[in-house]
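Chain by chain, the residues:
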Amino acid sequence: MRAEASSRPVWPIGPTAPLPRTVTPFRAETVQSYLDRLAHANHLEPRQLRRYLADGPAICRPRPDWLATVSSQPVASLQARLIGLANRDRDPTRQRRHARPACRL
């Protein structure tokens, strides 16, 4: 039975190509703000993009590597600029405290 399981093709999980249009993340921008801008630039619903980049159906937090793939931005650049992408920034109170005024609107 194990031999059968290993002979099955492995399908890619997550995005494999960038979106047609990219946007540059601002310094200290929240992840949600960046995802909204990226979705609007590509004529997508922000909620759909969040679900597509999330690791599980219940959690709509994007995986950094998947976000880097669709945005054509390096993971290090996204983690340095976006609040809420790194594990230490997952706390929503920290995001509100450090978000720029434009992101909160």
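Coordinates for the structure precede this section.
Keep in mind that what you see is a predicted model, and the values were worked out from it rather than measured.

## Focus on the overall build of the chain
(1) Moving on: What the chain contains, in helices and strands, is seven helices and two strands.
(2) Moving on: When its helices and strands are written in sequence order, the chain yields α-β-α-α-α-α-β-α-α.
(3) Moving on: Put simply, the chain has 105 residues, and 37% of those count as buried.
(4) Moving on: Within the chain, residue pairs in contact and separated by at least 24 positions form 47% of the contacts whose partners lie at least 6 positions apart.

## Description of the environment of Ile-13
(1) Moving on: Here Ile-13 shows up in the loop between helix H1 (2-7) and strand S1 (29-30).
(2) Moving on: Remark: the alpha-carbon pair of Ile-13 and Asp-55, spanning 42 residues in sequence, is separated by 9.4 Å.

## A look at the pattern of salt bridges
Side-chain pairs of opposite charge can arise where the charged atoms are in close proximity.
(1) Moving on: Going through the model one piece at a time under the given rule, you end up with three salt bridges.
(2) Moving on: In this structure, Glu-29 and Arg-37 form a salt bridge, with 2.8 Å as the shortest nitrogen-oxygen distance.
(3) Moving on: The class of Arg-37 is partly exposed, set by a relative accessible area of 25%.

## Things to note about the nonpolar core
(1) Moving on: Core analysis: the biggest nonpolar cluster contains 17 residues, and Tyr-34, Leu-38, Leu-49, Leu-53, Leu-67, Leu-78 and Leu-82 have the highest contact counts within it.
(2) Moving on: Secondary-structure elements contributing two or more residues to this core are helix H2 (31-41), helix H3 (46-53) and helix H4 (64-71).
(3) Moving on: A per-element tally of this core places H2 first, with six residues.

## Details of the packing of H2 against H4
(1) Moving on: The interhelical angle for the contact between H2 and H4, taken along N-to-C directions, is 30 degrees, at an axis separation of 12 Å. Taken as a pair, H2 and H4 cross one another with a handedness that is left-handed. Where H2 abuts H4, its residues Tyr-34, Leu-35 and Leu-38 lie against Leu-67, Val-70 and Ser-71.
(2) Moving on: Taken together, the residues of the contact of H2 with H4 sort by class into five nonpolar, one polar and no charged.

## Brief notes about the environment of Leu-44
(1) Moving on: Among the structural elements, Leu-44 can be located in the loop between H2 and H3.
(2) Moving on: Excluding residues that lie within four positions of it along the chain, Leu-44 makes contacts with Leu-19, Ala-39 and Leu-49.

## Considerations on H4
(1) Moving on: Counted residue by residue, H4 has six buried out of eight residues, so it is predominantly covered.
(2) Moving on: Contact partners of the buried residues in H4: H2, H3, helix H5 (75-81) and strand S2 (82-83).
(3) Moving on: At the exit of H4 stands Ser-72, carrying a positive phi of roughly 60 degrees.

## Some words on unusual backbone geometry
Backbone geometry follows two general trends: most residues other than glycine have a negative phi, and most peptide bonds adopt the trans configuration.
(1) Moving on: You will see that His-43, though not glycine, has its phi angle at about 60 degrees, which is positive.
(2) Moving on: In this structure, His-43 sits in the loop between H2 and H3.
(3) Moving on: Taking relative accessible area as the criterion, His-43 reaches 69% and is therefore assigned exposed.
(4) Moving on: The backbone phi angle of Ser-72 is positive, close to 60 degrees, even though this residue is not glycine.
(5) Moving on: Among the secondary structure elements, Ser-72 is positioned in the loop between H4 and H5.
(6) Moving on: Residue Ser-72 is classed as partly exposed on the basis of its relative accessible area, which comes to 46%.

Scoring rules and cut-offs
- Residues numbered from 1 in each chain as written.
- Predicted model: local features only at pLDDT ≥ 70, side-chain atom pairs only at ≥ 80, totals over all residues.
- Heavy atoms only, no water.
- Helix = DSSP H or I, 4+ residues; strand = E, 2+ residues; numbered from the N terminus.
- Buried < 20%, exposed > 50% of the residue type's maximum accessible area, 1.4 Å probe, protein only.
- Contact = heavy atoms within 4.5 Å.
- Salt bridge = Lys/Arg side-chain N within 4 Å of Asp/Glu carboxyl O.
- Core = buried A, V, L, I, M, F, W, Y, C linked by side-chain atoms within 4.5 Å.
- Axes fitted to C-alpha atoms, helices over the stretch in contact; angles between N-to-C directions.
- Left-handed = near helix turned anticlockwise from the far one by under 90°.
- Nonpolar A, V, L, I, M, F, W, Y, C, P; charged D, E, K, R; others polar.

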